[in-house]
Amino acid sequence: MSLNGVLTIDLEAIVANWRALDALSEPETQTAAVVKADAYGCGATKVGGALARAGAGTFFVALPSEGAELRAAIGPGPQIYILGGYAVGDGGLFDRHDLRPVLNSAVQAAAWFQDRPGAPCAVQIDTGMNRLGMEAHELASLGPLPDCVQIVMSHMGCADDPAHPLNAQQLAEFRRLTEGLGPTLSLSATAGLLLGPDYHFGLTRMGIGLYGGWPFLEARRVVAAHAPIIQIRDLDAGETVGYGATWIAERPGRIATISAGYADGLIRASGNGCAAYIGGQPVPFAGRVSMDLVTLDVTDCACAPGDMAEVLGPNQSIDDLASAAGTIGHEILTAIGSRYRREYR
Ligand SMILES: *Cc1c(COP(=O)(O)O)cnc(C)c1O
């Protein structure tokens, strides 16, 4: 028996999700794949390779280091954009790995145009999220955009809440700022795409939907995680379990300890109220999540050391785990970490 849990990643499901998202926009709208943070924990080289083979032509990552790794995996051809921007002096890095920056300020733009004259890039403008991107006056200060600017993009702050007034405001501001511009326009991530055709423009940037997460409800599930039971013990009524002794046995029972904890994406805040599944049967977390271990109340479940407990899979989605922990699927996926033995399908 191995102490390591097993993470199963269904590359075919990721490709199917990309195709399904692509089918939601007009044929002229390109569907780019966001594979930052190691493809949301799923493995950027594997995911990037599968999507490139399926025909994805444009990728986004956060950092040049991620872009270099992706380029090595997918080879020449597909475009790789770096969302974080351009740092003066990084021109050689972008050149060597054929990367394109998303220029987020007039200063970054001036540096790029000087370091790599004529080399392709994107420009991001802020339309109300106030995170990254040029203000209107910075965009204006560039004058007519040079041909090397291939994409003008912005990002939405509240697209996962369709009723939020900021959505229409950002759309109007994006239209106002990009009126008459030549490059491909891009406003939406997964949630924005689902707001409807007004938000599609020439290119969408799909992240969480590829990996099976809300708000893309028709998504195929992509990840499953199973951890082995490494010890089982009997408890008398009144005994407590775990750090802080927060869980108290109300009756004589059994506790199974599994080999996965918050270092493996089982967010500590989920604690009581969360469950794993053994043979499809729910077994509640008993007490706090530790770094490497979770204790389960298996009083009513026949099981033995070596049995695998499902923490993610058919019975529990990333969004189920996320809501138990008060977070979103993006954070569950990126918290999964590197200790699971990975199996790709
Ligand atoms: C992360 C990110 C995306 C993808 O977002 P999802 O919600 O995961 O689809 C798209 N665009 C930008 C600018 C991002 O930072």
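Visitor: How do you make sense of the nonpolar core when you look at a structure like this?
Guide: In terms of nonpolar packing, the biggest core is built from 99 residues, with Leu-51, Phe-60, Tyr-211 and Leu-296 touching the most fellow members. Residues from two domains meet in this core; each of domain 1 (11-211) and domain 2 (223-344) gives at least three. Those residues in contact with Tyr-211, other than ones at most four positions away along the chain, are Ile-14, Val-34, Val-35, Ala-39, Tyr-40, Cys-42, Val-47, Val-222, Ile-318 and Leu-333. In this structure, Leu-235, Val-241, Ala-249 and Ile-255 belong to the second largest nonpolar core, which totals six residues.

Visitor: How should I be thinking about the pattern of salt bridges in this particular structure?
Guide: Side chains bearing opposite charge may pair, as long as their charged atoms lie close to each other. Considering all chains together, one arrives at 10 salt bridges under this definition. Among the salt bridges present, the one from Arg-71 reaches Asp-98, with a minimum N-O distance of 3.6 Å. With Arg-71 in helix α4 (residues 64-74) and Asp-98 in the loop between α5 (91-96) and β5 (100-103), this residue pair connects regions lying 27 residues apart in the sequence. Accessibility expressed as a relative area gives 42% for Asp-98, which makes it partly exposed. For Arg-339, the salt bridge goes to Asp-292, with nearest N and O atoms at 3.0 Å. Of this pair, Arg-339 sits in the loop between α11 (329-334) and β18 (341-344) while Asp-292 sits in the loop between β15 (281-284) and β16 (294-297), and the two are 47 residues apart along the sequence. We classify Arg-339 as partly exposed; its relative accessible area is 36%. Taking relative accessible area as the criterion, Asp-292 reaches 35% and is therefore assigned partly exposed. One salt-bridge network, in which partners are shared between bridges, spans Asp-10, Arg-220 and Arg-345.

Visitor: Any chance you could explain the domain arrangement of the chain here in plain terms?
Guide: Often, the extent of an interface is quoted as the loss of accessible area upon association of its parts. Along its sequence, the chain is organised into domain 1 (11-211) and domain 2 (223-344). Averaged C-alpha coordinates put domain 1 and domain 2 at centres separated by 37 Å. Opposite the nine residues of domain 1 that make contact, domain 2 presents eight residues. Across the domain 1/domain 2 interface, buried area totals approximately 770 Å², and carbon plus sulfur atoms make up 70% of it. Looking only at domain 1, the three residues that lose the most surface to domain 2 are Tyr-40, Cys-42 and Ile-208, adding up to 51% of its buried area. In this assembly, domain 1 and domain 2 are joined by zero salt bridges. The tally of links between domain 1 and domain 2 comes to two residue pairs in polar contact (both at pLDDT 80 or more). Of the residues contributing to the side of domain 1 that touches domain 2, the split by class is six nonpolar, two polar and one charged.

The rules behind the values
- What you see as residue numbers is a count from 1 along each chain, following the sequence as written.
- In keeping with the predicted nature of the model, local features appear solely for residues at pLDDT of at least 70, side-chain atom pairs appear and are counted solely at 80 or more, and the whole-chain, interface and lining totals rest on all residues.
- Each side-chain value is worked out from all heavy atoms of the structure, with water and hydrogens disregarded.
- Residue types Ala, Val, Leu, Ile, Met, Phe, Trp, Tyr and Cys, when buried and joined through side-chain atoms within 4.5 Å, form a set referred to as a nonpolar core.
- Accessible area is worked out with a 1.4 Å probe on protein chains only. A residue is then buried under 20% of its type maximum, exposed over 50%, and partly exposed in between.
- Boundaries of every domain are those given by an automatic assignment or by a domain database.
- Between two residues, a contact is recorded if the distance between any of their heavy atoms is within 4.5 Å.
- By convention in these notes, a salt bridge is any Lys or Arg side-chain nitrogen within 4 Å of a carboxyl oxygen on Asp or Glu.
- Where helices and strands are cited, they refer to DSSP runs of H or I of at least four residues and of E of at least two residues respectively, numbered from the N terminus.
- What counts as buried area is the accessible surface, traced by a 1.4 Å probe, that two parts surrender upon association, with contributions from both included.
- Any pair of nitrogen or oxygen atoms within 3.5 Å is treated as a polar contact; in protein, a donor-acceptor pairing is required on top of that, and neighbouring residues in sequence qualify only through side-chain atoms on both sides.
- When residue character is reported, Ala, Val, Leu, Ile, Met, Phe, Trp, Tyr, Cys and Pro are called nonpolar, Asp, Glu, Lys and Arg charged, and the others, Gly included, polar.

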